[in-house]
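Close look at the chain arrangement
So you can see what is in the structure, the chains are spelled out below.
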Amino acid sequence: MTAIAMSLPEDVAAARDGLLSFARAEILPRHEKHRALFENPRALYREDGRFSDELIGLIREVRTTSAAAGYYQMCVPEALGGGGLGHLAYYVAWEALFRFCGPNNWLMLYALAHWAFGPSRLLERVSSEAKARILPHLMNGTKSMCFGLSEPNAGSDASMIATKAARDGDGWRISGRKIWTSNAPIADYCVLFAVTDPQRAAAKQGGISAFIVPTNARGFTVQRVIRLFGHVGGDEAELALDDLRVEPWQVVGELGQGFAAALYGVSLGRIYNSARAVGYGRWGIETAFEYAKTREAFGSSIASYQGVTFPLAESATELHAAHLMGLNAAMLLDQGLPAVKELSMCKAYSVQVGFRALDRAIQTHGAMGFTNELGLTDAWHSLRIVNVADGTNEILNRTIAQRMLKGDLEL
Ligand SMILES: Cc1cc2nc3c(=O)[nH]c(=O)nc-3n(C[C@H](O)[C@H](O)[C@H](O)COP(=O)(O)OP(=O)(O)OC[C@H]3O[C@@H](n4cnc5c(N)ncnc54)[C@H](O)[C@@H]3O)c2cc1C
């Protein structure tokens, strides 16, 4: 039975189903086999908070196995050597993967190339030399990357970045600081944003450029891992860039137009996070409905109490709406439309309703809802973060309002 009138294109549905079969056959067994590792933070992280070698090895194994099977790079354009599926497939695949993985999320997230960690349409903008030098390693999953835009004094207003790329012969020398850079502690490359024309940047008329750099280059340092939610380690890092030399082939897109690349990357992030929220939210309420049928209190199953089921019904309604918004926004992007307003609405709404669904799922489980085995709090934490990452809810509302004020009134 389907809840959605529109049928997915055959290649999109087949890619999603293939990815799920792959996850079932290749990733779940790895989760089972290494359960002791995933349940032990001291084995997952090193003293300095970075992922342990064992975890990094497993992540790389999942990426390369998925790439060999053709799933990892399935949404990368054919011109870059990928499967050529578009934004709709990207949304549908992530949504399905998050709904499927539930608590088994440690490795699942590496089955499909994440836009900031692996190859994506963003890399259409790199030079032919960068394609030859870097792309093969990203495509086969042996290496990964990160996306360095945010800085200590530039978050929502990313145009305030202070990292500078000063001319040095035919290249540049980059100096500055980055913060919150996800995957940076294990990444081999970084797409880095820096001011190349301070006057234009100050006037908000370009002047910011993107460069792709190896993370082992002299002048590129992961200063520290940032720990979130009381975890003993993490995946976000602070970067120091000191006189980092870059060559012309490392420029991503047009010089001075790096912001376009940044905005496109963030759009992919919004699709990814909308899908993550709907997938996790659906898994949460499905788990809660199942539990409610079996848990008894006051002489009958708690599913017989409307106080338990109505909040879940409300979340189901919200998630259904968010799901439709996600499919729609992804289809608009596939039609070559920027979908700025629709994507902002979709991401803000999806993460709020996904988070609320998980919160309600936790409540339905009573004390059981907080246990590590169920993984509900893990998913809940991850969606709490997405209310900020890739555009805060307030900034998304600001974008929606700006579009409406400019006459973009279609709903
Ligand atoms: C887990 C995580 C991973 C991340 N990964 C990356 C990454 O890989 N690469 C990267 O470059 N960045 C990354 N980020 C950074 C992220 O993009 C920023 O956190 C985000 O853009 C918000 O910036 P900020 O945290 O500096 O908040 P601020 O910009 O300081 O905002 C603080 C508060 O003020 C509000 N606010 C600001 N301006 C307005 C306004 N005009 N109207 C109303 N409210 C406003 C915001 O909504 C927010 O609530 C990540 C963040 C997190 C949490």
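Structure first, text after, so check above.
**Re the overall build of the protein**
Within the protein, the regular secondary structure consists of 14 helices and 10 strands. In summary, the protein has a C-alpha radius of gyration of 21 Å against a globular reference of 22 Å for 411 residues, a match within 12%. With the C-alpha coordinates of the protein rotated into their principal frame, the extents come out at 80 × 55 × 40 Å. Counting across all 411 residues of the protein, residues that qualify as buried make up 53%.

**Comments concerning helix α12 (residues 340-364)**
Its 25 residues place the ends of α12 36 Å apart at the C-alpha level, agreeing with the 36 Å of an ideal helix rising 1.5 Å per residue. At the C-terminal side of α12, Gly366 shows a positive phi close to 60 degrees.

**Topic: the side chain of Ser120**
Position of Ser120 relative to the elements: it lies in the loop between α6 (105-108) and α7 (128-133). Look at Ser120 and you get buried, because its relative accessible area is 6%. Apart from the residues within four sequence positions on either side, Ser120 is in contact with Val76, Pro77, Leu80, Trp115 and Leu268.

**Quick notes on the pattern of salt bridges**
Throughout the structure, instances matching the rule amount to 24 salt bridges. A salt bridge links Arg224 to Glu238; its shortest N-O distance comes to 2.7 Å. Placement of Arg224 in strand β6 (residues 220-226) and of Glu238 in strand β7 (residues 236-246) is noted, with a sequence separation of 14 residues between them. On the basis of relative accessible area, Arg224 is assigned to the partly exposed category, the value being 43%. Overall, Glu238 belongs to the buried group, its relative accessible area being 17%. The partner of Glu290 in a salt bridge is Lys293, with the nearest N and O atoms 3.0 Å apart.

**Focus: the pairing of strand β4 (residues 189-195)**
The buried count for β4 comes to 7 of 7 residues, which makes it a mostly enclosed element. Burial of the side chains of β4 extends over both faces: Tyr189, Val191, Phe193 and Val195 are buried on one face and Cys190, Leu192 and Ala194 on the other. Pairing of strand β1 (residues 145-148) with β4, which is carried by 4 bridges, proceeds in the parallel orientation. Paired with Phe147 across the bridge in β4 is Val191. Bridge count for β4 against strand β5 (residues 208-214) is 7 bridges, and the pairing is antiparallel.

**As for the site of the ligand**
Surrounding the ligand, one finds 17 residues, the nearest of these being Phe147, Ser150, Ser156, Thr392 and Glu394. Measuring from a nitrogen atom of the ligand, one finds a backbone N or O atom of Phe147 at 2.8 Å. For the ligand, an oxygen atom lies 2.7 Å from a polar atom in the side chain of Glu394. Contact with the protein chains covers 63% of the free accessible surface of the ligand, which is 980 Å².

**Examining the packing of aromatic side chains**
Evaluation of the coordinates by the stated rule reveals 15 aromatic pairs. Between Phe22 and Tyr71 the ring centres are 5.5 Å apart and the planes differ by 40 degrees, which places this aromatic pair in the tilted class. Pair noted here: Phe22 is in helix α1 (residues 10-33) and Tyr71 is in the loop between α4 (53-69) and α5 (87-101), with a separation of 49 residues, a long-range link. For Phe22, a relative accessible area of 8% puts it in the buried group. These aromatic residues form a ring-pair network of at least three members: Tyr90, Trp94, Phe98, Tyr272, Tyr280 and Trp283.

**Some words on unusual backbone geometry**
Residue Trp180 is not a glycine yet carries a positive backbone phi of 70 degrees. In this fold, Trp180 is placed in strand β3 (residues 171-182). Positive phi is not limited to glycine here, since Asn183 has a value of about 70 degrees. Along the polypeptide, Asn183 turns up in the loop between β3 and β4.

**Observations regarding the environment of Val213**
For Val213, the location among the structural elements is in strand β5. Residues Val213 and Ala166, 47 residues apart in the sequence, show an inter-C-alpha distance of 16 Å. Residues in contact with Val213, not counting those within four places in the same chain, are Asp188, Tyr189, Cys190, Leu192, Phe220, Leu244, Val246 and Gln250.

**Examining helix α10 (residues 258-294)**
Owing to its 3.6 residues per turn, the α-helix aligns residues three or four sequence positions apart on the same side. If you check α10, its first and last C-alpha atoms are 54 Å apart, about what 37 residues at 1.5 Å a residue would give, namely 54 Å. The element α10 is extensively covered by neighbouring structure, given that 28 of its 37 residues are classed as buried.

Analysis parameters
- Residues numbered from 1 in each chain as written.
- Predicted model: local features only at pLDDT ≥ 70, side-chain atom pairs only at ≥ 80, totals over all residues.
- Heavy atoms only, no water.
- Helix = DSSP H or I, 4+ residues; strand = E, 2+ residues; numbered from the N terminus.
- Rg over C-alpha atoms; globule rule 2.2 N^0.38 Å.
- Buried < 20%, exposed > 50% of the residue type's maximum accessible area, 1.4 Å probe, protein only.
- Expected span 1.5 Å × (residues − 1).
- Contact = heavy atoms within 4.5 Å.
- Salt bridge = Lys/Arg side-chain N within 4 Å of Asp/Glu carboxyl O.
- Pairing = 2+ DSSP bridges.
- Near = heavy atom within 4 Å.
- Polar contact = N/O pair within 3.5 Å; in protein donor to acceptor, adjacent residues only side chain to side chain.
- Areas by Shrake-Rupley, 256 points an atom, 1.4 Å probe, with all protein chains shown as cover.
- Phe/Tyr/Trp six-rings, centres within 6.5 Å; stacked < 30°, edge-to-face > 60°.

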